[in-house]
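If you want the building blocks of each chain, they are given just below.
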Amino acid sequence: MNGNEEQRAEALVRRFLGGDLSRRTFLRRAGGFSVAAMSATSLGAVLAACTKSSGSAGPSGGPATGTPAAGGTLKAALTGEPDTIDPATSTIYTGAQVYDNIFNKLIDLDPSNTFYGQLATAWNATDEKTWVFDLVDTATFHNGEKFGPADVVYTFERILDPKTASSYAPLYNAISKVEATGPTQVTFHLKTPFGPFLSNLANNGEIVNQKAIESKDPARNAVGTGPFEFVEWVQGDHLTLKKNDSYFLSGKPSLDGIEFQFLPVNQSRVDALRSGDLNWSDAVPLQQLNTLKSDPSFNYVTSATAGIPDYIAMNTAKPPFDDKLVRQAVYWALNRDEIRQVAYFGAGESGIEEVPTGSSWYDGTALVTPDTGKAQQLLQQAGITGTLDVEYLGLPQYPELLKTGEVMQQQLQAIGINMTIKQVEVGVWFDAFVKGNYQITSAYQERTIDPDNFYALVIHTGGDINTTGYSNPQADQLIDQARTETDTQKRFDLYKQVRQIVFEDSPIVFAHYETINYLMQKNVVGSTVNPTLELRMQDVGFTTPS
């Protein structure tokens, strides 16, 4: 046993005793610790005292139980509007919320982080560089095309084709070749061993059909094998799906359809849920969270381990943040607990890593205590003697991120940085963010279930979501090494080193880990918060026809 395992064991106990982990999840994770760790920490005692108990719905944050009746159209609120519903090119979380109901992947992750098959019935590695998948033989695409291994080959060749410009290509660049090796079998040949391979398939591996992609604009006309079919997208208002009557999973979905409405996170959501104008919401005003999650009028779902890392991004390619000393000054001036309390009303966790304390990848790094004196000294070392003026891009559609900027504004003022806030629409913000036309902003990375999902895209030189322009050959080497390592403990140790480099260079500064909260009417059941953050509305329905 080492100190790291001991810290992780105590963190697990804290999450369980604080009500953030279910008994099932706690027991599953506790099984991964050594006997020495259980003896040296409170984990052993809590594990021994843990007795059988029945789960509850609503206030506990667990899935509301009940058998959904067939029928009904779910009116669901999303925080924002998708950029596209093409899974290969979408880079916004709300896009995934929609298109994961239209497409299937080969495999996925359940709420306990266990892989299960969607379009794959079995999978195994014949060696460290070869994965064989057996496929279902009963799935069809919404255009009538029968699903088969050729669709899998086409999907990943398309992602890897530079012409597609897929942000997820780096997650699959270890693939050498994908080939059909039978009428219901496909084989992946890898260039090297690849630790996050299965996680990446579960995270961003939606299977598309070549005929569908080439016949209509895939950004606006999604065709998959999933439980729901695309109907219409009214820009700025809503996106509608209907039930796939030919879905290969018997009895699913229960709903006749879904209308995703693009609504701001404010009191209007709560009022709409109470009145029935909405049935389901992906977010609630955080200032009301503690009240609403125990309100008997609603079902409430959350997860302490499935969420989104929020971070401060600084443009390292332009002054003043091309100077590491200035970025470090921001790091040391930041009071994460204050951001969590003010911007997030105490919800979630004060961020220090790309994963939360409940994740098996969390390394136990202590939260940094802000040091104004040290921050001021760093600015002086950078040659800044007067007030430094910087501009922060703020997103009013994401009130927590905007409020983070407002809190930072006060924190940075204390060290001599005058940060003005420029509020822009999502499209304007995104264009400036990806093109590097900004100085400092708040951002988030969707669906981070493996550290590779974050570091290969956001930190690695040339990464498709490396919007800070950051480049460090040592970090690149460690990220690449961790990708080709299949031993979990060795990967764990490599990511600890990556985090230390990011801490020292500060192209980004983790500020908060945002846990996901869903609120729905009492007669809506089956909704869960999953590691990949997809909504899986195939399992959702009304207990009585609506």
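Numbers given for residues are sequential positions, taken from 1 along each chain in its written order. The predicted origin of the model limits local features to residues at a pLDDT of at least 70 and limits the giving and counting of side-chain atom pairs to 80 or more, whereas totals for whole chains, interfaces and linings rest on all residues. Side-chain metrics rest on all non-hydrogen atoms present in the structure, leaving aside hydrogens and water.

Trainee: Hey, could you run me through the overall build of the chain in this one?
Mentor: Where helices and strands are cited, they refer to DSSP runs of H or I of at least four residues and of E of at least two residues respectively, numbered from the N terminus. Of regular secondary structure, the chain possesses 18 helices and 19 strands. Counting all 546 residues of the chain, 58% fall into the buried class. The contact criterion used throughout is that any non-hydrogen atoms of two residues lie within 4.5 Å. Here the contacts in the chain between residues at least 6 apart in sequence split such that 70% fall between residues at least 24 apart. Relative accessibility under 20% of the residue-type maximum defines a buried residue, over 50% an exposed one, and the middle range a partly exposed one, all with a 1.4 Å probe and only protein chains included.

Trainee: I'm lost on empty space enclosed by the protein in this one. Help?
Mentor: Over the atoms, a rolling probe the size of a water molecule traces out where space has been left empty. Each cavity reported here is a set of points on a 1 Å grid over the protein atoms alone in which a 1.4 Å probe fits but cannot get out, each pocket an open set with protein on both sides within 12 Å along at least five of seven lines, and each lining residue one with an atom within 4 Å of a point. Grid points are joined across faces, edges and corners, and a volume is the space filled by probe spheres set on the points. In this structure the tally under the stated criterion is four cavities of 30 Å³ or more. Roughly 370 Å³ of volume is contained in the largest cavity. Around the largest cavity, the lining is made up of 23 residues, and of these Thr 79, Ala 283, Glu 400, Glu 514 and Ile 516 lie nearest the centre. If you list the elements that add at least two residues to the lining of the largest cavity, you get α5 (93-99), α14 (399-413) and β17 (508-521). When residues of the lining of the largest cavity are assigned to their parent elements, the largest contribution, six residues, is made by β17. In this model, the second largest cavity occupies a volume close to 60 Å³. What lines the second largest cavity is simply Pro 87, Ala 88, Thr 155, Arg 158, Ile 159, Ser 166, Tyr 168, Asn 204, Glu 206 and Val 208. If one sorts the elements of the lining of the second largest cavity by residue count, helix α6 (residues 149-160) sits on top with three residues.

Trainee: Before we go on, may I ask you to explain the pairing of strand β10 (residues 257-262) in this structure?
Mentor: Successive residues of a regular strand alternate their side chains across the two faces of the sheet. Within β10, five of the six residues are buried, which leaves it mostly tucked inside the rest of the structure. By definition, two strands form a pair when at least two bridges between them are found by DSSP. Pairing between strand β9 (residues 238-243) and β10: five bridges, direction antiparallel. Bridge assignment links Thr 240 to a residue of β10, and that residue is Glu 259.

Trainee: Even after reading the chapter, I still don't get the side chain of Arg 491, so can you show me in this structure?
Mentor: By the secondary structure assignment, Arg 491 is in helix α18 (residues 488-505). Whenever a nitrogen or oxygen atom comes within 3.5 Å of another N or O atom, the pair is scored as a polar contact, on the condition that within protein one atom can donate a hydrogen and the other can accept it, and that pairs from neighbouring residues in sequence are kept only if both atoms are in side chains. Within the structure, the side chain of Arg 491 is placed 2.9 Å from the backbone oxygen of Ala 482, a separation counted as a polar contact. Excluding its chain neighbours within four sequence positions, the residues that come into contact with Arg 491 are Gly 195, Pro 196, Trp 361, Asp 450, Asp 452, Ala 482 and Glu 485.

Trainee: Looking at this structure, I do not really get the sheet that holds strand β4 (residues 120-127). What am I missing?
Mentor: Note on sheets: strands pair through backbone hydrogen bonds, and any given pair is parallel or antiparallel. Spatial strand order, β4-β5-β7-β6: four strands in an open sheet with antiparallel pairing. A single partner strand is all that each edge strand has here, and the edge strands are β4 and β6 (175-182). Ignoring which end each strand starts from, the neighbouring axes of this sheet average 20° apart. Fitting a line to C-alpha atoms yields each axis, with helices limited to the stretch in contact; the angle taken between N-to-C directions then spans 0 to 180 degrees. Sitting on the sheet, helix α7 (residues 197-204) is in contact with β4, β5 (130-135), β6 and β7 (185-190), with an inclination near 40° to β5.

Trainee: I tried to follow the side chain of Thr 187 on my own but got confused; where do I start?
Mentor: You can see Thr 187 is positioned in strand β7. If sequence neighbours within four positions are ignored, Thr 187 has contacts with Thr 130, Trp 131, Val 132, Lys 177, Val 178, Glu 179 and Thr 181.

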